[in-house]
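The chain contents come next:
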Amino acid sequence: MRGIVGVFPELDSTVEAIEELKKLRVGDVTVYSPTPRHEFDDVLKAPPSTVRRYTLIGALVGVTFGYWIPIWISDYWPRVVGGKPIASWVPYTIIGFEVMVLIGSLATVAGFFINARIPRITQTVGYDPRFSDGSFGIWVECRPDELETVRRVLKEKGAEEVRGDR
Amino acid sequence: MAAAAMPTPDPERRDNIPTADVQLPAVYSYTQVTDEILDTLKITKAWFAGLAFAVLCLAVGAAAWFYQIYMGLGVAGYHPPVMWGVYIITFVFWVGIGHAGTLISAILYLFRAGFRTTIYRCAEAMTVFAVMTAGLFPILHLGRPWKFFWLIPYPNWRLLWPQFKSPLVWDVFAILTYLTVSATFLFIGLIPDLAVLRDRETNPLRKQIYGVLSLGWRNSDREWRHFTRAYLFLAAFSTPLVLSVHSVVSFDFAMADVPGWHTTIFPPYFVSGAIFSGIGMVFTIIIPIRRWFKLKHYVTLNHLDAAAKLCLFTSLVVGCAYLTEFFIAWYGGSENEQAYFMNRVFGQWWWAAWIMLTCNMVLPLLLFSQKLRRNTTFLFTLSIFINLGMWYERFVIIVPSLSHEFDPWRWGPYAPTHIDWAILVGSFGWFSMWFLLFVKQLPIMAIAEIKETVPPRMRHATSRRNLDGHSETPGTIAANEVL
C-alpha cells in the first residue's frame with residue numbers, strides 16, 4: 001500500500017487535517033481541491049512557483065530573436081535607402097515585441113507543464129473524481145507503519161471516506 | 001454626529017484569483033455550479049437549427065469565394081482607386097471583435113474586476129473565433145489564394161526575406177501572435193474544467209477524449225499553485241499584446257500618405273474602437289446565452305451593468321477620437337484633410353458616416369441611465385447597433401479615403417457587390433458555426449473560477465465565513481435585485 005486518501009466535504013476540516021498531519025510529520029501530503037484556495041498554500045507553506053523564471057527566460061530569448069532576425073536580414077542585403085541606417089530599430093521593435101510575447105507565453109506554458117508535472121498519463125492513484133466537483137481531498141504517501149496514524153487523523157478530522165490506494 | 005467607522009483593510013488578506021465584487025446570490029455550492037454549467041452541454045433541437053443556419057451562411061460565403069476565384073477579384077467590386085473594400089473592412093471588424101475577449105479575460109483579470117468571472121470564457125472563445133475569421137480575409141483578398149503562404153515571413157529561394165519595415169509584415173506577426181496567445185490562454189483556462197468533464201462523463205469515448213485534453217489534471221495543490229502563476233503571466237503578456245495588435249492594424253492605414261489615414265491618433269483610436277465593438281459583440285452573445293441556457297443567476301444584471309459601464313466608457317473614448325479627427329483636420333490647415341472630412345459627412349457616403357456617429361457616439365450615451373444598463377432587451381438592441389456602427393466605422397475610414405485622395409482625377413466610385421455581401425454573410429456563418437460547436441462541447445463558463453466566488457462548505461463555522469475571517473457570504477444583496 002502506497003498511501004491513504006481522504007475525501008472531505010468541508011474546507012476547514014481539510015485544513016485541520018493537514019495541520020495535524022504536518023505536526024505528526026507523517027508522509028508526503030498532497031491536497032486536492034475543486035478550485036485554488038489560499039488556505040492550502042498557507043498551511044502547506046509551499047515555495048513560490050518557479051514558472052516566472054521560464055517566463056523571463058522565454059521573453060528574453062524572444063525579444064533577442066525578434067530583433068536579431070530583421071537586423072541580420074537587413075545586413076544580409078544591405079541597401080541604403082534615403083541615407084537611412086541599414087537596420088532600423090524603431091520598426092523592428094514591433095517584431096521584437098511580438099516575438100517576445102509569443103516565445104514568453106509559450107515558455108510560460110512549458111514552465112507550467114514542467115512544474116505541475118502534466119501531461120500525466122494516469123491520475124487514478126490517490127485521486128477521486130469528487131475532487132473536481134465539490135469535495136476536498138488529502139492524499140498521504142507514507143511508510144506502512146504510518147498508515148494507521150494517517151487513517152485515524154483523517155477520520156477524526158471529518159473525512160467522509162478514507163481508503164488505501166496504491 | 002459621529003463619523004461612520006471605516007473598515008480597516010487586513011494586511012494578512014491574500015486575494016484569490018478574482019475578488020468577488022459581483023456576487024452570485026443564487027449560487028450556493030460547488031456541486032450546483034458543476035451541475036448547472038454542465039447542463040448547458042445538452043444538445044437541443046434549437047441548437048441544431050442554429051448550427052444548420054450557420055453552416056448555410058458559411059456555404060453561401062464559400063460559394064461566393066469559389067465564384068470569385070474562378071472569375072477574378074473584379075467581381076468583388078475592386079477597381080482603381082478603391083482597391084481595399086469590404087474584405088479589409090470586415091478584416092478590421094473581426095480583429096476588433098476579438099479584442100474584447102482579451103480585455104475581459106486578461107486586463108480585467110489583472111484589475112481583479114469581479115464581473116468578468118462569468119462572462120470571460122464566452123469572450124475568450126469569441127476572441128479566438130473572431131481572429132480565426134479575420135485571418136481568412138487577407139486570404140480572400142488574394143487573387144491567387146493558394147499562394148497565401150507568401151504572407152508568412154520566410155525567405156524565398158533567392159534568400160530574399162520580406163520587408164520587415166512594412167506594416168503588412170508587422171500585421172502577420174501581430175495577428176499570428178495574437179491568435180496563438182489567445183488560443184493558449186483559452187486552453188490553459190479550460191484545463192481544470194476539462195478535468196470536471198472527464199470525471200463526470202459516462203460515455204467511454206468522450207471520457208477518453210476529455211482525459212487526453214485535460215492532460216491528466218488532478219486539482220492538486222501543486223497543479224493549482226503553478227496554474228495560477230502561469231495564468232497570471234499569460235494575462236500579463238496578453239494585456240500589452242491586445243494594445244499592440246490593433247495598433248499594428250492601425251499602422252496599415254496610418255503609415256500611408258492618404259487623407260484621413262495619416263494621423264498619429266490612429267493606434268489609440270483603433271484600440272478603443274476595437275474594445276468597444278468587442279463589448280458590443282459580448283452583449284450580442286451573452287444576453288441570449290444567459291436566457292436560453294437559464295444562467296441568469298450567473299450573468300446577473302450587476303454583471304451586465306458593469307460591462308455596460310465599460311461599453312459607455314469606450315464609446316466616450318471613440319467619440320472623443322471622432323471629434324479629434326475633425327478638429328485636427330480644421331486646426332492642421334491641410335486643405336486635403338479638410339476636403340476629405342467634409343466629404344466624409346456630406347459627400348457620397350454621408351449616410352455611412354452618420355450611421356457610424358449615431359450608433360457609436362450618440363446611442364451609447366443612453367447607458368448613462370442605470371435603468372437602461374439593467375434592461376437586457378435594450379442592451380441587446382444597442383449591441384446590434386454597435387456592431388453595425390463599428391462595421392460602418394471601418395467602411396468610413398477605408399472607402400471615402402481611397403475614393404477621394406489628393407487629385408480630383410484620381411477620385412472614383414465604389415460599390416460593394418453581391419459577392420462582397422455573400423462573403424460577409426459567410427464570415428458570420430463561419431464565426432457562428434465555431435461558437436455554436438464550442439458551447440455544446442465545452443463549458444461556456446469557467447467552472448473552477450466561479451467556484452472561487454462561492455463560499456466553501458465549513459464544518460465548524462456557523463456563518464459562512466472564510467478561514468481568514470472575511471465574509472464571502474452571498475445574499476447581502478437580494479437575488480431578485482440582480483436576476
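Thresholds applied
Residues numbered from 1 in each chain as written. Chains lettered and ligands numbered in written order. Predicted model: local features only at pLDDT ≥ 70, side-chain atom pairs only at ≥ 80, totals over all residues. Helix = DSSP H or I, 4+ residues; strand = E, 2+ residues; numbered from the N terminus. Rg over C-alpha atoms; globule rule 2.2 N^0.38 Å. Buried ≥ 20, exposed ≤ 12 C-beta atoms within 10 Å, placed from the backbone. Contact = placed C-beta atoms within 7 Å. Expected span 1.5 Å × (residues − 1). Domains from an automatic or database assignment. Core = buried A, V, L, I, M, F, W, Y, C linked by C-beta atoms within 7 Å. Nonpolar A, V, L, I, M, F, W, Y, C, P; charged D, E, K, R; others polar. Axes fitted to C-alpha atoms, helices over the stretch in contact; angles between N-to-C directions. Parallel < 35°, antiparallel > 145°, perpendicular 65-115°, else oblique. Left-handed = near helix turned anticlockwise from the far one by under 90°. Pairing = 2+ DSSP bridges. pLDDT = per-residue confidence, 0-100.

A. The arrangement of the overall build of chain A in detail. When you go through chain A residue by residue, the secondary structure sums to 5 helices and 4 strands. In summary, chain A has a C-alpha radius of gyration of 25 Å against a globular reference of 15 Å for 166 residues, an excess of more than 25%. For chain A, the spread of C-alpha atoms along the three principal axes comes to 80 × 30 × 25 Å. The buried share of chain A, reckoned over its 166 residues, is 46%.

B. Quick peek at the overall build of chain B. A tally of helices and strands in chain B yields 16 helices and 0 strands. The C-alpha atoms of chain B give 24 Å as radius of gyration, which agrees with the globular expectation for 483 residues (23 Å, within 12%). C-alpha atoms of chain B, sized along the principal axes, occupy 85 × 70 × 45 Å. For chain B, the proportion of its 483 residues judged to be buried stands at 47%. Contacts in chain B between residues far apart in sequence, at least 24 positions, make up 83% of those at least 6 positions apart.

C. Main features of helix α8 (residues 266-292) of chain B. Taking 1.5 Å of rise per residue, 27 residues should cover 39 Å, and α8 of chain B covers 39 Å from first to last C-alpha, within 8% of that figure. Where α8 of chain B terminates, the next one or two residues include Lys294 of chain B, which has phi positive at roughly 55°.

D. How the structure looks around the domain arrangement of chain A. Domain boundaries in chain A define domain 1 (3-47 + 125-165) and domain 2 (51-116). Placing the centre of domain 1 of chain A and that of domain 2 of chain A at their C-alpha centroids yields a distance of 45 Å.

E. A look at the environment of Trp84 of chain B. Residue and element names in this part refer to chain B. With respect to the helices and strands, Trp84 occurs in the loop between α2 (45-71) and α3 (86-110). The spacing of Trp84 and Phe395 is 311 residues in sequence and 9.9 Å in space, taken between C-alpha atoms. Among residues more than four places away in sequence, those in contact with Trp84 are Ile398 and Leu402.

F. Region of interest: the nonpolar core. Among the nonpolar cores identified, the biggest contains 149 residues, and Ile119, Cys122, Met126, Ile279, Val282 and Ala307 of chain B are the most heavily contacted of them. Among the elements that take part in this core, α3 of chain B stands out by supplying 17 residues, more than any other. Contact partners of Ile119 of chain B, with chain neighbours within four places excluded, come to Ile104, Val282, Ile286, Val299, His303 and Ala307 of chain B. Of all hydrophobic cores here, the second largest spans 24 residues; its members include Leu21, Phe136, Trp139 and Val140 of chain A.

G. Molecular detail of the interface of chain A and chain B. The partner chain B presents 53 residues to the 55 residues of chain A that form the contact. Only α1 (11-24), β2 (28-32), α2 (38-44), α3 (51-76) and α4 (89-116) of chain A provide two or more residues apiece to the side of chain A that touches chain B. If you tally residues by element for the side of chain A that touches chain B, the top one is α4 of chain A, at 16 residues. Per-class residue counts for the side of chain A that touches chain B are 29 nonpolar, 18 polar and 8 charged.

H. Looking closely at the packing of helix α4 (residues 120-140) of chain B against helix α5 (residues 167-200) of chain B. Residue and element names in this part refer to chain B. Closest axis-to-axis distance for the α4/α5 pair is 9 Å, and the angle between their directions is 150°. As far as their axial angle goes, α5 and α4 are roughly antiparallel. Note on packing geometry: the crossing formed by α4 with α5 is left-handed. The segment α4 lies against α5, with Glu124, Ala125, Thr127, Val128, Val131 and Gly135 engaging Ile175, Tyr178, Leu179, Ser182, Ala183, Phe185, Leu186 and Gly189. Here the contact of α4 with α5 is built from residues that sort into 9 nonpolar, 4 polar and 1 charged.

I. Main features of the sheet that holds β2 of chain A. All names here are of chain A. Strand order in this open sheet of 4 strands is β2-β3-β1-β4, and the pairing throughout is antiparallel. Every interior strand has two partners, whereas the edge strands, β2 and β4 (161-165), have only one. Pairwise comparison of adjacent strand axes, ignoring direction, gives a mean angle of 20° for this sheet. Of the pairings in the sheet, the one linking β2 to strand β3 (residues 136-141) comprises 5 bridges and is antiparallel in character. In the strand pairing of β3, Thr30 is matched with Trp139. Across the sheet, α1 touches β1 (3-8), β2 and β3, and the angle it forms with β3 is around 15°.

J. Structural view of the confidence of the model for chain B. Residues and elements named next belong to chain B. Mean pLDDT over chain B works out to 88, with 91% of the residues at or above the 70 mark. Across residues 14-20, where pLDDT falls below 50, the model places 20 contacts with residues more than four positions away in sequence or in other chains. Taken together, the stretch residues 462-478 has pLDDT below 50 and engages in 27 contacts with residues farther than four places along the chain or on a different chain.

K. Just the packing of α4 of chain A against α5 of chain B, in detail. One can describe the packing of α4 of chain A onto α5 of chain B by two numbers: an axis separation of 10 Å at closest approach and a directional angle of 20°. With respect to α5 of chain B, the axis of α4 of chain A lies roughly parallel. The chirality of how α4 of chain A crosses α5 of chain B is left-handed. Where α4 of chain A approaches α5 of chain B, its residues Ile94, Ile95, Glu98, Val101, Leu102, Ser105 and Val109 of chain A are matched on the opposing element by Trp170, Phe173, Ala174, Thr177, Thr180, Val181, Thr184 and Ile188 of chain B. Of the residues in the contact of α4 of chain A with α5 of chain B, the class split is 10 nonpolar, 4 polar and 1 charged.

L. Region of the structure containing unusual backbone geometry. Here the bond from Ile118 of chain A into Pro119 of chain A is cis, since omega is 0°, no more than 30 degrees from zero. On the secondary structure map, Pro119 of chain A appears in the loop between α4 and β3. Cis geometry is adopted by the peptide bond preceding Pro81 of chain B, which originates at Pro80 of chain B and carries an omega value of 5°. By the element assignment, Pro81 of chain B lies in the loop between α2 and α3. Despite not being glycine, Asn219 of chain B has its phi angle at roughly 65°, a positive value.

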